[in-house]
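# A structural walkthrough
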Amino acid sequence: MLLAGQEKFHALGPIYYRNADGALLVYDITDQDTFVRVKNWINELRKVVGPNIQITVAGNKFDLQKQRQVSEEMALDYAKKVGASHFYTSAKANKNVDEAFVDLAKNILQKKLEQRIDGSALSSSEKIIRLERSDSISSRIQGSNTSGGLQVVKDQDPALEQSPKPGSCACG
């Protein structure tokens, strides 16, 4: 859900994010007020969704360093304090935008796997997902030369993998 920081939609938020697995929250490094609003959103998300929501914080407009109002130290310390990932991004220069989303997806999937292993709160109809390193998918997702990436693969029941050959019957 994209609220774009618009306070008029604030009351509708819980309807949309109450079952969220993750959130990417963006502030403008040249505007201290946007950083304060991100802090408020994190508090609300933790209150409504709970402590297991995965959060990535992005300090956008990194290309405008000379106009910075939110210090790197403040932003990184806060992200660490609340257990969030932090990225500096520039939508204008297309820097680190994909990486922030991929990191959030990896964190969500990792949390789901941990919950599955611990046997907590996942329905039996959910499929286990595996993270696999894949150079080819990484370069397609990020458009750059990187050493690893994210690939979502549904686990298959071995019995289902033995499908009948064309022209044969699997009638029971």
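Further up the page is the structure itself.
Our subject in this report is the structure included herewith. (Residues numbered from 1 in each chain as written. Predicted model: local features only at pLDDT ≥ 70, side-chain atom pairs only at ≥ 80, totals over all residues. Heavy atoms only, no water.)

## So, the packing of aromatic side chains
Here is the rule: Between rings of Phe, Tyr and Trp, where Trp is taken as its six-membered ring, a pair exists when centres lie within 6.5 Å; planes separated by under 30 degrees are stacked, by over 60 edge-to-face, and by other angles tilted. Helix and strand definitions here come from DSSP, where helices need a minimum of 4 consecutive H or I residues and strands a minimum of 2 consecutive E residues; each element is numbered from the N-terminal end. To sort residues, take the accessible area from a 1.4 Å probe on protein chains only and compare it with the maximum for the residue type: under 20% means buried, over 50% means exposed, and anything in between is partly exposed. Criterion for a charge above a ring: Lys NZ or Arg CZ within 6 Å of the ring centre, and within 35 degrees of the ring normal.
This model, assessed by the stated rule, comprises 3 aromatic pairs. Measuring from ring centre to ring centre gives 5.9 Å for phenylalanine 35 and tyrosine 78, while their planes differ by 80°; the resulting arrangement is edge-to-face. In this pair, phenylalanine 35 sits in helix 2 (residues 32-48) while tyrosine 78 sits in helix 3 (residues 72-81), placing the two residues 43 residues apart along the sequence. Classification of phenylalanine 35 by relative accessible area gives buried; the value is 0%. Classification of tyrosine 78 by relative accessible area gives buried; the value is 10%. Here a set of aromatic residues connected by ring pairs shows up, and it is made of Tyr27, Phe35 and Tyr78. The ring of tyrosine 78 is capped by lysine 39, whose NZ or CZ atom sits 5.2 Å from the centre of that ring.

## Let's talk about the pairing of strand 2 (residues 54-60)
A regular strand places its side chains on the two faces of the sheet in alternate fashion. We apply this condition: Criterion used throughout: strands pair if DSSP finds at least two bridges between them.
With 7 of its 7 residues buried, strand 2 lies for the most part within the structure. Residues Gln54, Thr56, Ala58 and Asn60 point to one face of strand 2 and Ile55, Val57 and Gly59 to the other, with burial holding for every one of them. Relative to strand 2, strand 1 (residues 22-28) runs parallel, the two being bridged by 7 bridges. Pairing of alanine 23 across the sheet is with isoleucine 55, part of strand 2. Of the pairings in the sheet, the one linking strand 2 to strand 3 (residues 85-88) comprises 4 bridges and is parallel in character.

## Focus: the nonpolar core
As a reminder of what qualifies: What is meant by a nonpolar core is a set of buried Ala, Val, Leu, Ile, Met, Phe, Trp, Tyr and Cys residues, joined one to another through side-chain atoms within 4.5 Å. We call two residues in contact whenever any of their non-hydrogen atoms come within 4.5 Å of each other.
Counting 20 residues, the largest nonpolar core has Leu25, Tyr27, Ile42, Leu45, Ile55 and Val57 as its most contacted members. For this core, the elements supplying multiple residues, two or more each, are strand 1, helix 2, strand 2 and helix 3. Ranked by the residues each element gives to this core, the list is headed by helix 2, at 5 residues. Here isoleucine 42 is in contact with Leu25, Ile55, Val57, Tyr78 and Val82, once residues within four sequence places are set aside.

## A few points about the layout of surface pockets
For the record, the criterion: Lining residues are those with an atom within 4 Å of a point, where the points come from a 1 Å grid over the protein atoms alone and group into cavities, where a 1.4 Å probe fits but cannot get out, or pockets, open sets with protein on both sides within 12 Å along at least five of seven lines. Grid points are joined across faces, edges and corners, and a volume is the space filled by probe spheres set on the points. The residue classification treats Ala, Val, Leu, Ile, Met, Phe, Trp, Tyr, Cys and Pro as nonpolar and Asp, Glu, Lys and Arg as charged. All others, Gly included, are polar.
In this model, the second largest pocket occupies a volume close to 160 Å³. In terms of lining, the second largest pocket is formed by Arg18, Asn19, Ala20, Asp21, Val49, Asn52, Ile53, Gln54, Ile108, Lys111, Lys112 and Gln115. When residues in the lining of the second largest pocket are grouped by element, the largest group, 4 residues, is from helix 4 (residues 97-118). Its residues assigned to classes, the lining of the second largest pocket comprises 4 nonpolar, 4 polar and 4 charged.

## Brief notes about the pattern of salt bridges
To keep things clear, this is the line we draw: When a carboxyl oxygen of Asp or Glu lies within 4 Å of a side-chain nitrogen of Lys or Arg, that pair is called a salt bridge.
Applying the stated rule across the entire model yields 2 salt bridges. Between aspartate 21 and lysine 112 there is a salt bridge, with its nearest N and O atoms 3.4 Å apart. Taken together, the residues span a long stretch of sequence, with aspartate 21 in the loop between helix 1 (13-17) and strand 1 and lysine 112 in helix 4 at a distance of 91 residues. Overall, the relative accessible area of 37% leaves aspartate 21 in the partly exposed class. Lysine 61 serves as the salt-bridge partner of aspartate 28, at 3.0 Å between the closest nitrogen and oxygen. Taken together, the residues aspartate 28 in strand 1 and lysine 61 in the loop between strand 2 and helix 3 connect sequence positions 33 residues apart.

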